[in-house]
Amino acid sequence: MTDNETAVLLKRRDDGVAEVVLNRPDKRNAFDDVIIQQLINALTEVNTDSSVKVVILRSEGKHFSAGADLGWMRRMAENTRQENLDDSRELARLMNVLNHLSKPVIGLVQGAAFGGAVGLAACCDIVIATEQSSFCLSEVKLGLIPAVISPYVVRAIGERQARRYFISAEVFTAQQAQEYGLVHIVCDDVEAMDARCNDMLQQLAMNGPEAMKAAKDLVFAVSHKPISDDVIDDTAQRIADIRVGEEGQEGLGAFLNKRKANWVPEGK
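Residues numbered from 1 in each chain as written. Predicted model: local features only at pLDDT ≥ 70, side-chain atom pairs only at ≥ 80, totals over all residues. Heavy atoms only, no water.

Q: How should the environment of alanine 169 be read in this particular structure?
A: By secondary structure assignment, the location of alanine 169 is in the loop between helix H5 (150-168) and strand S8 (171-173). Note: C-alpha distance between alanine 169 and glutamate 139 (30 residues apart in sequence) is 7.1 Å. Apart from the residues within four sequence positions on either side, alanine 169 is in contact with Cys136, Leu137, Ser138, Val140 and Lys141. (Helix = DSSP H or I, 4+ residues; strand = E, 2+ residues; numbered from the N terminus. Contact = heavy atoms within 4.5 Å.)

Q: Please clarify how the pairing of strand S2 (residues 17-22) should be interpreted in this entry.
A: Counting buried residues along S2, six of its six residues qualify, which places the element largely inside the surrounding structure. Side chains of S2 alternate between two faces, with Val17, Glu19 and Val21 and Ala18, Val20 and Leu22 buried alike. The sheet contact formed by strand S1 (residues 8-12) and S2 spans five bridges and is antiparallel. Paired with arginine 12 across the bridge in S2 is alanine 18. Hairpin remark: S1 followed by S2, antiparallel, with four residues in the connecting loop; positive phi at glycine 16, about 80 degrees. Bridging between S2 and strand S3 (residues 54-59) involves six bridges; their strand directions are parallel. Paired with glutamate 19 across the two strands is isoleucine 56, which belongs to S3. Note that the unit made of S2, helix H1 (residues 33-47) and S3 has a crossover that is right-handed. (Buried < 20%, exposed > 50% of the residue type's maximum accessible area, 1.4 Å probe, protein only. Pairing = 2+ DSSP bridges. Right-handed = clockwise from strand over helix to strand, strands pointing away.)

Q: I would appreciate a short explanation of the packing of helix H9 (residues 229-244) against helix H10 (residues 246-256) in the present structure.
A: The relative placement of two packed helices is expressed as an angle between their axes plus a distance between the axes. Taken N-terminus to C-terminus, the directions of H9 and H10 make an angle of 70 degrees; their axes are 4 Å apart at the nearest point. Taken together, the axes of H9 and H10 are roughly perpendicular relative to one another. Contacts between H9 and H10 involve Ile242, Arg243 and Val244 on the former and, on the latter, Glu246, Gly248, Gln249 and Leu252. Split by residue class, the contact of H9 with H10 holds three nonpolar, two polar and two charged. (Axes fitted to C-alpha atoms, helices over the stretch in contact; angles between N-to-C directions. Parallel < 35°, antiparallel > 145°, perpendicular 65-115°, else oblique. Nonpolar A, V, L, I, M, F, W, Y, C, P; charged D, E, K, R; others polar.)

Q: What is the right way to look at helix H4 (residues 116-123) in this model?
A: Counting along an α-helix, one turn takes 3.6 residues, and residues three or four places apart therefore face a common direction. In terms of burial, H4 is a largely internal element, eight of the eight residues being buried. Turning to H4, its buried residues number three or more, namely Gly116, Ala117, Val118, Gly119, Leu120, Ala121, Ala122 and Cys123. Tucked inside the fold, the buried residues of H4 contact S3, helix H3 (81-99), strand S5 (112-114), strand S6 (126-130), strand S7 (134-136) and H5.

Q: What is the right way to look at a nonpolar patch on the surface in this model?
A: Together, Leu252, Phe255 and Leu256 line one region of the surface with nonpolar side chains, adding up to about 370 Å² of accessible area. Topologically, leucine 256 is positioned in helix H10. (Patch = residues over 30% accessible without salt bridge, like charges linked within 9 Å, V, L, I, M, F, W, Y side chains within 5 Å. Areas by Shrake-Rupley, 256 points an atom, 1.4 Å probe, with all protein chains shown as cover. Salt bridge = Lys/Arg side-chain N within 4 Å of Asp/Glu carboxyl O.)

Q: I'm lost on the nonpolar core in this one. Help?
A: Residues Phe135 and Leu182 are the most contacted members of the largest nonpolar core, which totals 53 residues. Ignoring any residue separated from it by four or fewer positions in sequence, one finds phenylalanine 135 in contact with Val109, Ala113, Phe114, Ala129, Glu170, Val171, Phe172, Thr173, Ala174, Ala177, Leu182 and Val183. Grouped together as the second largest cluster of nonpolar side chains are 15 residues, Leu108, Ile126, Met193 and Leu201 included. (Core = buried A, V, L, I, M, F, W, Y, C linked by side-chain atoms within 4.5 Å.)

Q: Quick question: what am I supposed to make of the pattern of salt bridges here?
A: Any two side chains of opposite charge can pair, given that their charged atoms come close. On inspection of all chains with the given rule, the structure shows 15 salt bridges. In this structure, glutamate 170 and arginine 164 form a salt bridge, with 2.8 Å as the shortest nitrogen-oxygen distance. Assessed through its relative accessible area of 39%, arginine 164 is described here as partly exposed. Here the salt bridges share partners, and the residues they tie into one network are Lys11, Arg13, Asp15, Glu19, Arg58 and Glu60.

Q: Help me understand the side chain of serine 59 in this model?
A: Considering the arrangement of structural elements, one finds serine 59 in strand S3. Using a relative accessible area of 6% as the deciding quantity, one classes serine 59 as buried. In this structure the side chain of serine 59 is engaged in a polar contact, spanning 2.6 Å, whose partner is the backbone oxygen of phenylalanine 64. Contact partners of serine 59, with chain neighbours within four places excluded, come to Val21, Leu22, Asn29, Phe64 and Gln110. (Polar contact = N/O pair within 3.5 Å; in protein donor to acceptor, adjacent residues only side chain to side chain.)

Encoded structure:
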């Protein structure tokens, strides 16, 4: 187990943004069972905090994350099947919590994102990386598979690319990750990435917080489903509900009366 009590930092900002930060730069931000639990706790905390509108997932140091910690992997190799199952279920829970967080999540990726770190990126809503970033689903090199992250990675990069990279464990670049759909924006360097993140935060600040949550839920509701009568009816009910809701009424009223909605920050 890690003895680093500050391996995961939770930073709340005055602008309604919370940063969840991997803080083991000396270990390339590798994670173990303790850090997985700390990440779950931090994400659960910000998810229930009404003052938090947007979450940033990032890391300190040169690399986003090298994936599983060597010491943790060594322990897992010595554990029973049940202990391995329990460990794997916690990592699966982390991915599920991050993927379904009710706030928009921006992932910032610099340097290496290997193994489970690719899963973390796939669970973020918006991913910004640097040109120097590299990605690798390296599990088969160890005789393993990227099992619990696979549902999210396959949805991000598609079955065809997943078949290649799950099997080959090749390193792919930020430009390739953008082409495959894992990364949305590629920047020159960390400074440019931070600036682009700030631009995105300003963009999101103009949007209704409840509407962004509902929009994220909408994607999950229609994704990979046939356009059936049930889906059509569900989408109609969703827009009807939000139109008559408090935030929808405020947004429509602001638009029709040519004023700013009450969630838009002053000076915007």
